[in-house]
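Chain residues, written in single-letter form:
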Amino acid sequence: MAEITDVKIEETWKVALKEEFEKEYFTKIKTFLKDANAEGKTIYPPGNLIFNAFNKVPLSEVNVVILGQDPYHGPGQAHGLSFSVPKTAKVPPSLRNVYKELMEDMPGFEKPTHGNLEKWADQGVFLLNAFLTVEHKKAGSHQKIGWAHFTDAVIKKISEECEGVVFMFWGNFAKKKAVLVDAEKHLILEAAHPSPLAGTAFLGNKHFSQANAYLEKQGKPSIDWILPVE
């Protein structure tokens, strides 16, 4: 894994989050990851993809935020975008349920054979995980190293500096972040987590069509949620 000090983040985010990068907790994150690297531990995603969500969507271009929790902790899965995996990886169970909802909510949506959501990111869908790194096969292993402070600041920054953003908070963990968002400026959508552990509770929320209706009211382009099938 590349050390976090070698990792670049898109310029508008770099400026907006300058104070966070200078805080003691962020220094501790860098030290933790540097030590893990020196100890030969495998950390996901690769260093150059830790800030992939930020590099794909500049701050001023954020239209939708979908908050995940941890990166996937298996080989070849995490690439810095919540719920998304590279085309070479198997579609994760939670994302399969997201696809089921899309098939009901968005006319013309066909279930893809892959889990790559980069097409959404290219349209301003900010696919943020609350914790940006994880150790191989150890789910939740980096939840207490400081990332929560950083990503809470990111959510606040979007709320403060952007207008008319749709925040999708799925599951109890994500719903707790709603307090960071100005509900008078933005649309907050909450649902059960798409994990199969929640049964069918996620299905029927209509978040994707609601998001598009709201964006259109704001005079913004709607999101083309339909993904390439292959």
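If you're wondering where the values come from, they're calculated on a predicted model, not measured in any experiment.

**Student:** Break down empty space enclosed by the protein for me, citing the residues and quoting the values.
**Tutor:** The probe, sized like a water molecule, is rolled over the atoms to show the empty space still left. Going through the model one piece at a time under the given rule, you end up with 2 cavities of 30 Å³ or more. In this structure, the largest cavity occupies an estimated 60 Å³ of space. Residue lining of the largest cavity: I50, F51, N52, A53, F54, P71, G80, L127, L128, N129 and L132, and that is the complete set. Put simply, the parts of the chain that give the lining of the largest cavity at least two residues each are α4 (52-56) and β3 (125-129). A volume near 40 Å³ is recorded for the second largest cavity.

**Student:** Requested: an account of the packing of aromatic side chains, with residues and values cited.
**Tutor:** Within the structure shown, the criterion is met by 23 aromatic pairs. Considering the side-chain rings of W13 and F126, the 5.1 Å spacing of their centres and the 15° angle between planes classify their relative orientation as stacked. Placement of the pair is W13 in helix α1 (residues 11-16) and F126 in strand β3, with a sequence separation of 113 residues. For the pair formed by W13 and F126, the shared burial category is buried.

**Student:** Please give an account of unusual backbone geometry that cites residues and values.
**Tutor:** Between Y44 and the following residue, P45, the backbone shows a cis peptide bond with an omega angle of -10°. With respect to the helices and strands, the residue P45 is situated in the loop between β1 (43-44) and α4. We note that F83 has phi near 70°; this positive angle belongs to a residue other than glycine. For F83, the position within the fold is in the loop between β2 (64-68) and α5 (93-105). With a phi angle near 60°, K137 is a residue other than glycine that sits in the positive phi range. Positionally, K137 belongs in the loop between β4 (134-135) and α7 (147-161).

Cut-offs applied
Residues numbered from 1 in each chain as written. Predicted model: local features only at pLDDT ≥ 70, side-chain atom pairs only at ≥ 80, totals over all residues. Heavy atoms only, no water. 1 Å grid on protein atoms, 1.4 Å probe; cavity = no way out; pocket = protein on both sides within 12 Å on 5 of 7 lines; lining within 4 Å. Points joined across faces, edges and corners; volume = space filled by probe spheres on them. Helix = DSSP H or I, 4+ residues; strand = E, 2+ residues; numbered from the N terminus. Phe/Tyr/Trp six-rings, centres within 6.5 Å; stacked < 30°, edge-to-face > 60°. Buried < 20%, exposed > 50% of the residue type's maximum accessible area, 1.4 Å probe, protein only.

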